[in-house]
Each structure stands twice: as C-alpha cells, then as structure tokens.
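These are the residues of each chain, in order.
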Amino acid sequence: MGAWVTLVMVTAAIALLPLLVDVAPPPGTVTVSEARFSLAGDAAETTIALPHRWVPETPYDLGTGRYRLRFHLDAAPDEPLFVLIPAARHNIRAEVNGQRTMSALDTTWSIPNSGYSFLALIPDGAVHEGNNEIVLWQTREVGWLPARLSSVSVGPAAAVMPIYQLSNLLIDQVRAMTFALHIMLTIGVATVWTARRHDPVFRWLALMAITSLAVVFTQSPAMPFGALEQMQSTLAMAGVGLMALGLAMAVAGQSSPRLLLPATVGVPVVLLGLGLAAVLEYTVLALLSAAVGLLTYAVSSVILLRAFARSRSVDAAILAAACALTAWFGLHDLLVVTGLLDDPFLLTFYARTLVLLVIMVILMGRLARSLNSLDAANDTLRQQLAAREAKLVLLHEKERAHANEVVREHERQRLMQDLHDGMSGHLVSIIALAEQEGTGSQAIEGAARAALDDLRLVVHSLDLGDGDLRVALAAFRERLEPQLRRLGIELSWSTEKLPEVTGITPRNALAVLRILQEAVTNAVKHGPARRIGVEGTRIEGGAAVIHVVNDGHEPAAIGRGSGMGNMKRRARDLGAHIHFSATAGESRLSLIFPAHLLV
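What counts and what doesn't
Residues numbered from 1 in each chain as written. Predicted model: local features only at pLDDT ≥ 70, side-chain atom pairs only at ≥ 80, totals over all residues. Heavy atoms only, no water. Helix = DSSP H or I, 4+ residues; strand = E, 2+ residues; numbered from the N terminus. Buried < 20%, exposed > 50% of the residue type's maximum accessible area, 1.4 Å probe, protein only. Contact = heavy atoms within 4.5 Å. Areas by Shrake-Rupley, 256 points an atom, 1.4 Å probe, with all protein chains shown as cover. Axes fitted to C-alpha atoms, helices over the stretch in contact; angles between N-to-C directions. Parallel < 35°, antiparallel > 145°, perpendicular 65-115°, else oblique. Left-handed = near helix turned anticlockwise from the far one by under 90°. Salt bridge = Lys/Arg side-chain N within 4 Å of Asp/Glu carboxyl O. 1 Å grid on protein atoms, 1.4 Å probe; cavity = no way out; pocket = protein on both sides within 12 Å on 5 of 7 lines; lining within 4 Å. Points joined across faces, edges and corners; volume = space filled by probe spheres on them. Nonpolar A, V, L, I, M, F, W, Y, C, P; charged D, E, K, R; others polar. Expected span 1.5 Å × (residues − 1). Bend = angle between axes of the 7 residues up to and from the residue. Pairing = 2+ DSSP bridges. Patch = residues over 30% accessible without salt bridge, like charges linked within 9 Å, V, L, I, M, F, W, Y side chains within 5 Å. Phe/Tyr/Trp six-rings, centres within 6.5 Å; stacked < 30°, edge-to-face > 60°.

Draft legend 1. Fine view of the overall build of the chain. For the chain, the count of helices and strands is 13 helices and 18 strands. For the chain, the residues scored as buried account for 43% of the 599 residues in total. Residue pairs at least 24 apart in sequence account for 75% of intrachain contacts in the chain once pairs closer than 6 positions are excluded. When the accessible surface of the chain is totalled, it reaches about 31,000 Å², and 61% of it is carbon and sulfur.

Draft legend 2. Fine view of the packing of helix H12 (residues 506–526) against helix H13 (residues 563–574). Following both chains from N to C, one finds H12 and H13 inclined at 155°, their axes separated by 10 Å at the closest point. Classified by the interaxial angle, the pair formed by H12 and H13 is roughly antiparallel. For the pair H12 and H13, the crossing hand works out as left-handed. For the pair H12 and H13, contact is made by Arg507, Asn508, Ala511, Val512, Arg514, Ile515, Glu518, Ala519 and Asn522 and by Gly563, Met567, Arg570, Ala571, Asp573 and Leu574, respectively.

Draft legend 3. Region of the structure containing the pattern of salt bridges. Here the structure, examined in full by the defined rule, presents 14 salt bridges. Arginine 68 is the partner of glutamate 133 in a salt bridge, and the nearest nitrogen-oxygen pair spans 3.4 Å. With glutamate 133 in strand S11 (residues 130–139) and arginine 68 in strand S5 (residues 64–73), the pair connects residues that are 65 residues apart, well separated along the chain. Of the residues examined, arginine 68 reaches a relative accessible area of 28% and is grouped as partly exposed.

Draft legend 4. Up close: empty space enclosed by the protein. With the rule as written, the count across this model stands at 2 cavities of 30 Å³ or more. One number sums up the size of the second largest cavity: a volume of about 30 Å³. Along its surface, the second largest cavity is lined by Met208, Ala244, Leu247, Tyr297, Leu319, Cys323, Val355 and Ile359. Those elements that place two or more of their residues in the lining of the second largest cavity are helix H5 (236–251), helix H8 (314–337) and helix H9 (348–435). Its residues assigned to classes, the lining of the second largest cavity shows 8 nonpolar, no polar and no charged.

Draft legend 5. Broad picture of helix H6 (residues 260–276). The terminal C-alpha atoms of H6, which comprises 17 residues, lie 24 Å apart, in line with the 24 Å expected from a rise of 1.5 Å per residue. The largest bend in H6 amounts to roughly 30° and is located at glycine 266, with the proline proline 268 lying one to four residues further along. The complete set of buried residues in H6 reads Leu260, Thr264, Pro268, Leu271 and Gly275. Two residues or fewer past H6, alanine 278 is found with a positive phi of approximately 60°.

Draft legend 6. Spatial organisation of the sheet that holds strand S3 (residues 46–49). The antiparallel open sheet is built from 6 strands, whose spatial order is S3-S2-S5-S11-S7-S8. The two strands at the open ends of the sheet, each matched to only one other strand, are S3 and strand S8 (99–100). In this structure, S5 lies alongside S11, joined through 10 bridges in antiparallel fashion. Pairing of glycine 65 across the sheet is with glutamine 138, part of S11.

Draft legend 7. Fine view of a nonpolar patch on the surface. Together, Val279, Leu280, Val284 and Leu288 make up an exposed nonpolar region whose accessible area comes to about 300 Å². Position of leucine 288 relative to the elements: it lies in helix H7 (residues 282–311).

Draft legend 8. Fine view of H5. Between its first and last C-alpha atoms H5 spans 23 Å; for 16 residues at 1.5 Å apiece the expected length is 22 Å, and the two agree. Most of H5 is tucked away: 15 of the 16 residues are buried. Positive phi appears at glycine 253, one or two residues downstream of H5, with a value of about 80°.

Draft legend 9. Expanded view of the packing of aromatic side chains. The tally for this structure, following the rule as stated, stands at 3 aromatic pairs. When the ring of phenylalanine 37 is compared with that of tryptophan 54, the centres are 5.7 Å apart and the planes differ by 45°; the resulting orientation is tilted. Taken together, the residues span a long stretch of sequence, with phenylalanine 37 in strand S2 (residues 34–39) and tryptophan 54 in strand S4 (residues 52–54) at a distance of 17 residues. What makes phenylalanine 37 buried here is its relative accessible area of 9%. On the basis of an interplanar angle of 45° and a centroid distance of 6.4 Å, the ring pair of phenylalanine 476 and tryptophan 493 is categorised as tilted. One end of the pair, phenylalanine 476, is in helix H11 (residues 469–486); the other, tryptophan 493, is in strand S14 (residues 490–494), with 17 residues separating them in the sequence.

Draft legend 10. Layout of the pairing of strand S10 (residues 116–121). For S10, a buried count of 5 out of 6 residues is recorded, marking the element as mostly surrounded by other parts of the structure. Where strand S9 (residues 102–103) meets S10, 2 bridges bridge the pair, whose relative direction is antiparallel. Its bridge partner lying in S10, methionine 102 is registered against leucine 121.

Structural data, given as structure tokens:
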C-alpha cells in the first residue's frame, strides 16, 4: 500500500509540475509590462501590454519581432543587473541602451519553442540613473507556434536567480531526465520484448517507446531539421496514439483489432503522403495527427478505467491516469498552437515523463509479481520435495531394515548350512568311532580335531571382507600345515603371484576355503599323496587361479563320490569354475575365478 501511495503522489507531482513554474514578476526588481512592438522590416510600432503573443500572416514566415521597453532607475546600480523574462517562446536577443547583453547559455535540452525562462546579464555601465531602454528581438524558428513574451524584469542576481533556477529545473533538467529515462526504458522494453514476443503488452510497449524516441530525436534542436521537417515528424504522433490504444487493450486483457498494428504505420504514411502531394497543408495534417493521438489516448483511458472497475487491476488504473493526463496535456498544447489558449509553456513533454514513469512502474510491478510467483512456486516445490524426501527416507529406512533382515536371514541359513555340511559329518564319525569296540582314542581325537578345524574355518570366515582373500589363505595354511606334517605329507605353498581379488564376502571366502579343503582332503584320501602343493597365480585376462597339486600314484576316478560335485557347485556360486586333471604321477585341481567375485 505504501508503494502505491508513493506512486500516486509522484504521479500527482508530475501532473502539477507545469503549475510550479512561477511567471509572476519577482520582488525586488523593476518590472516592465508595456512595450512598443513591430515586426522586422516594418517601421510602424504599436503599443502593446505584456504578456504579448504574435503570429505572422503566413504560418511558415519565420520572422522576427522587436520590442522596445523603457524602465526607470532612481540611482545608478552598485551591483550587476540582469534582464529576466519568466516566460517566453522562441529565441530572444536583448540589448540595453544599445549594448548587447550576455544571455545564459542554452543547454542541449533547451527548446525555446516550447517555452522557457530567459536570463541575460547587463554589461557594466550599460544602465544609468533615470530612463533606460531595452530592445528585444524575438525570432520564430517554428512557423506554426505563436511567439509569446511575458513581462520583463530588471534586478540583481538575488532577486532573479531563484525564479530562473526553478524554471530551469522544471523545464530543461526535467526534459534531460525524461530523455535519459526514455532511452533506458526503450532499451529495457526492447530487450524484454525479444524474450517475450508472445506477450502483447511488451510488444506495444516496445513499439511505443521506440517510435516516440525517434520523434523526440527529430524534434530536438540539436538535430539538423528545419521547421517543415519537424512538422512532418509530428505526423508520427498519430501512430504513437494508436500504439497506446493497443497497449491499453493488452493491459485490459482484450484482443486488439487486426488492423490496429498496420494502422500505426499506415495512418502517419497516409498523412505524410497527403502533405507531399500538397492536398493539405502540413499545419492541417499536424493538427489531424495530434487530434488522432489525443482521441486514442482518451479512448485508452476509458478502456483502462473499465478494466480497473472490472478486475481491480492496479496496472490498468495507473496507466489510465497517465493516458488521461496525456490527453489533457496534448489538448492544452493543441489549443496553444492554434491560438485558442494563451499559455507560455507547452506541456506535452511532462506527459511523456509521466507515461514513461508509469510504464517503468508497470514493468517493475510485473517483474515483482513474476518473482513473487516464482518464489511461491519454489516454496511449494521445496515443501513438496521435503515431504517426498522425508517419505523416501522413511521408505529407505524400512527398505534398509528389511534388507538387513534378509541378509541376516541368508547368513543364518548359510551358517546353518555350512555347519550342517561340515560339522554333521564329523560328529557322525566321532559317534561311530565312539560306539565301535576297540577304537582307540587317537581315532576319536583325530575326528574331533577335524570337526574343530572345520568350525574354526567357518568362524574365521565371518570376519573377512573385501580384499582379504590373502588373509584367509594365510590362516588356512596355518591350520593345514600342522595337520599334513602329522600325516607325514610335505606342503609347498606359493601365493605371491595371486592377483588382487575383490568381491570377498564371508560367504565367498568360506566357499574358496571349502574348495581348497576338499581338494586337499581328496589328495590325502585318494592319493595317497606324499607331497601337496598350493600355488596361486594370474592367467590371461586378469583372472586368478589356485592350483592344488599332489603326487598320488592312483588318481581317483572323476565323478566318484560327492566331493567334486560340491566343489563345482560352490565354484559356480562364485562365478568361477573347476578344472581337474590326473596322470599316472600327478593329480591337479585348478580353481579359476575372475578378479571380482559374484556377491
């Protein structure tokens, strides 16, 4: 609410700017309100009252008018004096008692044709006690604008400067700020339009800003255009008014007629063609163009007010106010140009300041609303994402708990199976040996030791992890070597060339050790072996292989018993395979597995 109140106050301030220009004679000065006037080349002078305006007989006669003014000083001045004309139109040159004054330098933004305040320094010694004379030459640069001159004041800087500085601020500096704002806004709107060509609001804004900026350039005193060319450029104001109508309809959410966009170019072109063909004078065409522009601005304000009443659109309300003020300022200037209204200043450029400000506010408002919508959408997405993440975390925890339970159950089953496969046979052997008469304690002890070794093998595998295959093989060797030594069997061991194997889990490690244990057991039982060798190495492709070799003289037939079947089953579970070969002097079992075991 505070932002909109501020906007309303700024809008009202801009609308009141013309009223702030003080044209009353300043206190502390000598004011002249009567003069003798004549046109250049005419010796006859007439007495006129100030303010005064004049128009030559023909519109394009860029003539010069001369004013003779007299003022009286009771004493010679002891400080510099100035000539101040609070409100004048067209260029002025001043002389005091035959000496030319030094007028204030015009800025790039000074447009005397639209009305300005004239200030000139009187040379030292040019004025004296008693009667003095001021001669003013006023030259019309645009033939279709009446010349005007307010009362003339003579006084010191302390008396004339406040009025001149205020006038300079409200006329020249406001015009400069408006021009800078116009350029920046045109660049900004054109940039947005290139990214949002589907949006009719930005399309009309861009066309309006670019066209009006071109008109301002052509009417600038810095441009090398004469009065006729400047008048021709005013024909584009009809097109700008039609663009304002399109903008109003777009802001109101209405579809513009198909012919509206071509008309923004067609109407000024038709008017220009009528002027070039001498069908109508350019003064008439300029008035027609201005009338079209005023009418379209008035219609635009009505459309926007209806849209505000219907939807309470703030954009429509502030743009309606700007269009209404533009129509009023334009009507004011039209009456001044035609001589129906006597006013020293043209107000159209104040309307341009207001329209540009309103357009900027609309753009910033749309940007703010877009950002707010984006923030709201982001907040909604963040909330939904947080809810989904919380749900996923809960599902993940449940899934992880379930997976852990499944793993534990699989490990229980594996452990039970391993204990059953290993321990049950040993226990049965111990019971059978104990029940046989005459069985020695050594036999029972051997069976019990085998059961204990098997149990240790299972328990040790529980602590193994990825990369621990060498550790498992080293522990297996420590248990195996004493057993074979008691049986009188020599063990040779070489696993230095065995490559790194990943995917080691307790299950996989136990499967490898079971296969090696079964291979050694077979060598002892079916050899009978006197020497057993275990060798690990790398083969082509990066795979690993462990050979178990014995020197048994009578190799067991392949497929006899269940040992070989168990070894092949365990190897398949690892992603490996078993190769067995036997000759008259040697039996060899090879366990070949990849560098990464199946998990």
